[in-house]
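# Descriptive structure summary
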Amino acid sequence: MAPRRVLVVFAHPALERSRVNRRLFDAARQVEGITTHDLYETYPSFAIDVHREQALLLEHDVIVLQHPFYWYSAPAIVKEWLDVVLEHGWAYGVGGDALRGKLLMNATTTGGAEAAYHPEGRNRFTMRHLLSPFDQSAHLCGMRYLAPFVVHGALRLSKDDEVAPWSRRYAQMLAMLRDDRLDLGRAAHAETMNVLIDETEAAR
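Here goes a summary of the coordinates provided. These numbers come from a predicted model, not from an experiment.

## Re the pattern of salt bridges
Applying the stated criterion across every chain yields a total of 10 salt bridges. Taking the shortest distance from any N to any O, the salt bridge between Glu199 and Arg186 comes out at 2.8 Å. Taken together, the residues Glu199 in helix 9 (residues 194-202) and Arg186 in helix 8 (residues 184-189) connect sequence positions 13 residues apart. Given the relative accessible area of 36%, Glu199 is considered partly exposed.

## Notes on the environment of Tyr72
Position of Tyr72 relative to the elements: it lies in the loop between strand 3 (62-68) and helix 4 (76-85). As for Tyr72 and Asn123, which are separated by 51 residues in sequence, their C-alpha atoms are 9.2 Å apart. What Tyr72 contacts, discounting residues up to four positions off in sequence, is Asn123 and Leu130. Separated by 2.8 Å, the side chains of Tyr72 and Asn123 make a polar contact.

## Let's talk about helix 9
Listed as buried for helix 9 are Asn194, Leu196, Ile197 and Thr200. Axial view of helix 9: buried residues confined to an arc of 165°, hence all on one face.

## Brief notes about the pairing of strand 2 (residues 34-38)
Direction of pairing for strand 1 (residues 6-10) relative to strand 2: parallel, over a ladder of five bridges. Bridge assignment links Leu7 to a residue of strand 2, and that residue is Thr35. As a crossover connection, the stretch from strand 1 through helix 1 (residues 21-29) into strand 2 is right-handed.

## Regarding helix 3 (residues 50-58)
Among the residues of helix 3, those classed as buried are Val50, Glu53, Gln54, Leu56 and Leu57. Buried residues in helix 3, looked at end-on, bunch into an arc of 155°, giving them a common side. Where helix 3 is buried, its residues touch strand 1, strand 2, helix 2 (39-42), strand 3 and helix 4. Here helix 3 starts with a cap whose side-chain oxygen sits 3.3 Å from the backbone nitrogen of His51, and that cap is Asp49.

About the cut-offs
- Residues numbered from 1 in each chain as written.
- Predicted model: local features only at pLDDT ≥ 70, side-chain atom pairs only at ≥ 80, totals over all residues.
- Heavy atoms only, no water.
- Salt bridge = Lys/Arg side-chain N within 4 Å of Asp/Glu carboxyl O.
- Helix = DSSP H or I, 4+ residues; strand = E, 2+ residues; numbered from the N terminus.
- Buried < 20%, exposed > 50% of the residue type's maximum accessible area, 1.4 Å probe, protein only.
- Contact = heavy atoms within 4.5 Å.
- Polar contact = N/O pair within 3.5 Å; in protein donor to acceptor, adjacent residues only side chain to side chain.
- Arc of directions from axis to C-beta.
- Pairing = 2+ DSSP bridges.
- Right-handed = clockwise from strand over helix to strand, strands pointing away.

So this is what it looks like as structure tokens:
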């Protein structure tokens, strides 16, 4: 089987202040065969080139939306990207099957601790529940949504050696997606991708 073509669509509106996302994105750039695409760098005025973005999506099998978790969702340019790129008649609706069969997931960072993202926690919902609009968008487009990769407590991570284990896991996950080494059935139903990465790596 040929390697899957993986596209990381990255969005961070204040990259110079990023503690974790910047390092994760750097790690993704080092993974052979992974395409990385920085939305804020490419479209600082939000004037998204729809045809270019659609062509990128067609060229890849796996789409990873990497971003900080802002107001229980993604930064504004991700919503704009979804609004204008996933057109009716192209991504969904009559004749809209361009993305059918592809994989979609989020890779995100939160300021709060993992315990806060629980029915009894401060944020009342799990990450999987809070990211359900992406899950449903994938479903509408005939894509398969996978559990998110999540780094919690990003505000407490500032040094290279604190972030390095997460960067390594993220790079491992991208390579697993590329090489079809993840159990997609489990990845589709897991709460997050984090444990699955460790188990898959340990089984090598």
